[in-house]
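These are the residues of each chain, in order.
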Amino acid sequence: MKLLPIFIGLLLPIHLAGQYAIRGTVRLDSTWERTVYLSLIPDLEDMFRCSEHLIMAKSDIRDDGQFVLRGNIFPERPHLVRIHVNKKGDPPATLVIGGKDENHCFLALDKDSRLQLKPATEGLFDHFSVTQDPRNQALYTIDSLRTYFAAIDTAFSSIAYKNMVQKEQAATLLAFADSCRFLLPALYAVQHADWGINRQELQSARARIAERFSYHPYLQGIIPLPVANNTRPALWGGMLVLLVLIGGVLTLILQRPPAAFKDLSPQERKILYHLHTGKTNKEIAGELHIEPSTVKSHVYSIYQKLNISSRKEVVKFKRWIDGE
Amino acid sequence: MLVCFIFSGLILQAQQDGDLSVDFDFENTTEVKEILVPIGTDVSKIMFQFSGKIKGGSLKVRILDPNGKKEGAFQLEAVSRDEAKEKSEQQEGEDKSYTYSIIGKSRSQARGSMRKQVSKPMPGQWKVEIDAYSVDGKLDANIQQITE
């Protein structure tokens, strides 16, 4: 009997290595290669980033279209992953967005996931179409909401109407994010609410998520906002309200970031923050789980947008970096 | 209309009443380029089509509506022979437990295409941003406007 734990200890790793992470069926004609690839999405802004360096697993597809992706290398915490297949002759890193040959789908996955993909009703894959996985079902709900609002959006072409639809979509997605019990879908909802609301509302939504959940790489760079200067006229005397208003206007005038600063993407703002803290490209790449070459590319873009030529000049924007 | 265009840093302006096809050839090119697409109230649909293949650098394509809302985007990344060698040296000694790549140390290519159709587009200045960093490769862009 003493040998039993040792026996189990020896067999367990073999058993786990053999377990599947994702199983599915894809119907391919003879123009497609019989290989399925899995890429880790390092940041929700990189959903449509296509690089061999994101590919972390691959598997053969059987003649009947079935495939099994196994692995013990998947992330500890849930991440978005992309599964794709390629036409014959295409490089492994190939991404086709839209049209009948769209070659990919997204899933939420962690190292303990055992996902069974539903067969697609049309095309090769159904996005987030996974049975009995609440995290993926939440992602599917968000995509259904987006599809719903996209359909409403096409009813009229007036700017006022479209702005109203964008605002309504943003409000719905933020409400979903606030009530969602999973981190990844909550962040995914905020990511797609990025229109129709102002940047501060968006940052507040992300900060609320950061408060509710424990550490996750997708939360890196989300810096809690300083408490907003909420003026509560009912609680303050008339003079105080006036002073606050004057102070607010002066603050806005004095602290308004340059127009170029607003052109920075959220990822560029994260990188700017790390640049400001004196990190090297390699360190930033490590922090954000992206390639150093990508950081380099972002740094170049930041320099262009802010019209600066060195890291030293980043300090000029300290006031707004701290406030991000 | 087909315009073969050598990357020069200029802003392209799509014809309001026609289609635009542009071929970009990149040779270790680093530049940001914009295609402006003015959309009138009579346009019922815009069709964007992009197809790119690169063997080095990073290429980003984004479609933005007049509010700046991203209506579609993709990014291709490839590693040239020199970069592959550099990465190989860098990866030695680094913790690979998180970012794991099955082909991380070899030269790579990337191919991407995107078809995006927008019905009843918001009138105003639409924009396609093409952001190239040390790119070797090509990108074909085609934008069609359909009027009522």
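Each chain has its residues counted from 1, following the order in which its sequence is written. Following the order in which they are written, the chains are lettered starting with A and the ligands numbered starting with 1. Predicted model: local features are reported for residues with pLDDT of at least 70 only, side-chain atom pairs are reported and counted for 80 or more only, and whole-chain, interface and lining totals are derived from all residues.

**Student:** Explain the overall build of chain B to me, please; I cannot follow it from the model alone.
**Tutor:** On a plain count of helices and strands, chain B comes out with one helix and seven strands. Secondary structure elements are defined from DSSP: runs of H or I of at least 4 residues count as helices, runs of E of at least 2 residues count as strands, and each element is numbered from the N terminus. Each helix and strand of chain B, placed in order from N terminus to C terminus, yields the pattern β-β-β-β-β-α-β-β.

**Student:** How should I be thinking about the interface of chain A and chain B in this particular structure?
**Tutor:** The accessible area lost on association of the parts is a frequent measure of interface size. Taken together, the contacts link 36 residues of chain A with 36 residues of chain B. Elements with a contribution of two residues or more to the side of chain A that touches chain B: strand S3 (49-50), strand S4 (55-60), strand S7 (93-97), helix H3 (159-179) and helix H10 (292-306) of chain A. For the side of chain A that touches chain B, the leading source of residues is H10(A), giving six residues. When DSSP locates at least two bridges between a pair of strands, those strands are taken to pair. By the bridge criterion, five bridges tie S7(A) to strand S6 (residues 110-119) of chain B in an arrangement that is parallel. Pairing of Thr94(A) across the sheet is with Arg111(B), part of S6(B). Once C-beta atoms have been placed from the backbone, residue pairs whose C-beta atoms lie within 7 Å are recorded as contacts.

**Student:** Explanation requested: the sheet that holds strand S5 (residues 66-70) of chain A in the structure shown.
**Tutor:** Pairing between the strands of a sheet is mediated by backbone hydrogen bonds and can be parallel or antiparallel. All names here are of chain A. Here we have three strands laid out as an open sheet, ordered S5-S1-S9, and mixed in their pairing. Two strands close off the open sheet at either side, each with one partner strand: S5 and strand S9 (115-116). Where strand S1 (residues 20-25) lies against S9, two bridges are found, and the strand directions are parallel. Directly across from Ile 22, in S9, lies its bridge partner Leu 115.

**Student:** I'm lost on the packing of helix H8 (residues 266-276) of chain A against H10(A) in this one. Help?
**Tutor:** All names here are of chain A. The interhelical angle for the contact between H8 and H10, taken along N-to-C directions, is 90°, at an axis separation of 10 Å. Taken together, H8 and H10 sit at an angle that is classed as roughly perpendicular. Contacts between H8 and H10 involve Gln 267, Glu 268, Ile 271, Leu 272 and Leu 275 on the former and, on the latter, Val 295, His 298, Val 299, Ser 301 and Ile 302. For every element, the axis is a line fit to its C-alpha atoms; helices are fit only across the contacting stretch, and the angle between N-to-C directions ranges from 0 to 180 degrees. To sort the angles, those under 35 degrees are grouped as roughly parallel, those over 145 as roughly antiparallel, those from 65 to 115 as roughly perpendicular, and the leftovers as oblique.

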